[in-house]
Amino acid sequence: MNREQKYRRLEQASPEEMSALRKKVEDSGWRQTYHIQPITGLLNDPNGFAYFAGEYHLFYQWFPLGTYHGLKYWYHTASKDLVFWRNAGIAIEPRDPHDWYGAYSGSGIVKDGKLHLMYTGNTRDRDWNRRSFQCMAVMDAAGAVTKLPEPLIDHVPEGYTEHFRDPKVWKDPDLYRCVIGAQREDATGTAVMYESSDLLNWRFAGEIKTGLKHFGYMWECPDYFELDGQGVLLFCPQGIEPQGDRFRNVYQSGYLVGKPLNRETLDFEHGAFHELDRGFDFYAPQTMEDDQGRRILVAWMGQAEIGYPTDSHGWAHCLTLPRTLELRDGKLVQQPVRELEKLRRERREVQDTLTNEKKSYAGVSGTAFELICEFADVNAESVGIEFRAGETERTVIHYDFERQILTFDRSEAGERINSKYGSTRSCRVQTKSLKLHLFVDTSSVECFINDGEEVFTSRIFPHPDSTGIRFFANNGSAGLKVAKWDLA
Ligand code: FRU
């Protein structure tokens, strides 16, 4: 892709090109039914997630004209219930000197009856050197967005490179604060903090002092919040080598839990780095606290630098379902928000005992469904489920009780996704019974294990006829309980 193609602006596309592109997207058999997806082009990070004027607002990084990472706009979606979203059009256009080469990721906060969107303006100088600015756009209750003419932060502090982006802002009792993803001049990643009394004038407070001094070359999309009196720092380190079952994706996404961040010294005493998700397609999560006090997370269901089967259909990627976060034994637990029950249509139930067999049940099949499946009283060596299954296709979740390893296998899921990063993912789960809570859409699955202790988020690209669901127990028996709903 040359620069000209990459940085094409919407107005450079003719009406004929746009309608042909839209037609191509509409014809794609892998369009989702209940996930946020782009009308055309490529979606990446969720941005500006906030509750404002009686609605949830969720923006995302958008390149309208192709399925590569071109010129980024902010696209706006809104919802009263986190379930049914309306497309509200472009919110931030990269058309000013401080964001000419992309309105990059950022966050939202409500002040004085307006939603303030703080984001990174990406620019390039004559020699194509990157320069990053932290900018602001303000949205009123009617959805009109006005950019502030000058950036809020117009230079990178000493000691850091221009890989300086993705401000996540919050309000403390004394001041507004934000964390920004950064790269030190020695090419290691970190997160820094700024403070402000008015959201407009920002003071560089310093680097968050974690115990991870050499942990990747760049930290993208940091987020900081407190839950149950604990501090949580989320971020996406780039450049981490795989270790056994961990860090198998091109870039990682995870968190540290510790004592609340010391706002004076910026000391953050924390435990180990945990991955947020065990699947393939999860990155750049962003959280918000809603008016009910819930901490809600949404992420990009995708990864950079990988080709996906919908690329040739003119669109790429979607967002995950919104999930609530809670701390359980020092780890984050994710659960789909309860409002998603509104999607439930026809319900099917099954109760059975599986003995060394694989079984399917009448009416338990589909392409877009929610399924809760519990294996109890197990003396089998392993149990599991196959779904979006046909004669030659299936996506498999398999749990081995002896090794205590859960494996998600998409090697036969349908059309292949770049397999350089493998086609199975595994993680350790210690349990005597197993509960799988699945949200399957036309081309994705989100699987919550044992009430959100682990989550596997993945795109899959099966044939529309692969609608089968099968349950199995190997070398022994297991009690099975299933509830399944079609989702609309
Ligand atoms: C993460 C990221 C961010 C950046 C944005 C650009 O996926 O690279 O760091 O702001 O995407 O689209």
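If you're wondering where the values come from, they're calculated on a predicted model, not measured in any experiment.

Points about the confidence of the model for the protein chain
- Chain-level statistics for the protein chain give a pLDDT mean of 98 and a share of 100% at 70 or above.
- With a pTM of 0.98, the predicted complex shows an ipTM of 0.99.

Notes on the UniProt feature "domain: Glycosyl hydrolase family 32 N-terminal" (unreviewed entry) in the protein chain
- Residues given the UniProt feature "domain: Glycosyl hydrolase family 32 N-terminal" (unreviewed entry) here are residues 35–336.
- Taken end to end, residues 35–336 comprises 0% helix and 52% strand; its first and last C-alpha atoms sit 13 Å apart.

Re the pairing of strand β30 (residues 444–449)
- Extensive coverage of β30 is indicated by the burial of six of its six residues.
- Burial of β30 is two-sided: the residues Ser444, Glu446 and Phe448 facing one way and the residues Val445, Cys447 and Ile449 facing the other way are all buried.
- Note: strand β29 (residues 434–441) against β30, six bridges, orientation antiparallel. Pairing of leucine 438 across the sheet is with cysteine 447, part of β30.

Some thoughts on the site of the ligand
- Residues in close proximity to the ligand total 13 residues, the closest being Gln61, Tyr104, Ser105, Glu220 and Ala284.
- Taken together, the residues of the shell around the ligand break down into four nonpolar, four polar and five charged.

A word on the domain arrangement of the protein chain
- Splitting the protein chain by domain gives domain 1 (3–336) and domain 2 (344–487).
- Placing a centre on the C-alpha atoms of domain 1 and another on those of domain 2 gives a separation of 31 Å.
- Top element by residues in the side of domain 1 that touches domain 2 is strand β22 (residues 331–336). It accounts for four residues.
- For the side of domain 1 that touches domain 2, the per-class residue count stands at 13 nonpolar, 10 polar and six charged.

Structural notes on the nonpolar core
- Core analysis: the biggest nonpolar cluster contains 80 residues, and Trp74, Ile92, Leu117, Ile180, Ala191, Leu233 and Ala299 have the highest contact counts within it.
- Excluding anything up to four places from it in sequence, isoleucine 180 contacts Phe164, Arg165, Asp166, Pro167, Ala191, Val192, Tyr194 and Pro222.
- With 44 residues, the next largest nonpolar core counts Leu354, Ala413, Cys427 and Leu436 among its residues.

What counts, and at which threshold
- Residues numbered from 1 in each chain as written.
- Predicted model: local features only at pLDDT ≥ 70, side-chain atom pairs only at ≥ 80, totals over all residues.
- pLDDT = per-residue confidence, 0-100.
- UniProt positions renumbered as here; feature names shortened; annotations may be inferred.
- Helix = DSSP H or I, 4+ residues; strand = E, 2+ residues; numbered from the N terminus.
- Buried ≥ 20, exposed ≤ 12 C-beta atoms within 10 Å, placed from the backbone.
- Pairing = 2+ DSSP bridges.
- Near = placed C-beta within 6 Å.
- Nonpolar A, V, L, I, M, F, W, Y, C, P; charged D, E, K, R; others polar.
- Domains from an automatic or database assignment.
- Core = buried A, V, L, I, M, F, W, Y, C linked by C-beta atoms within 7 Å.
- Contact = placed C-beta atoms within 7 Å.

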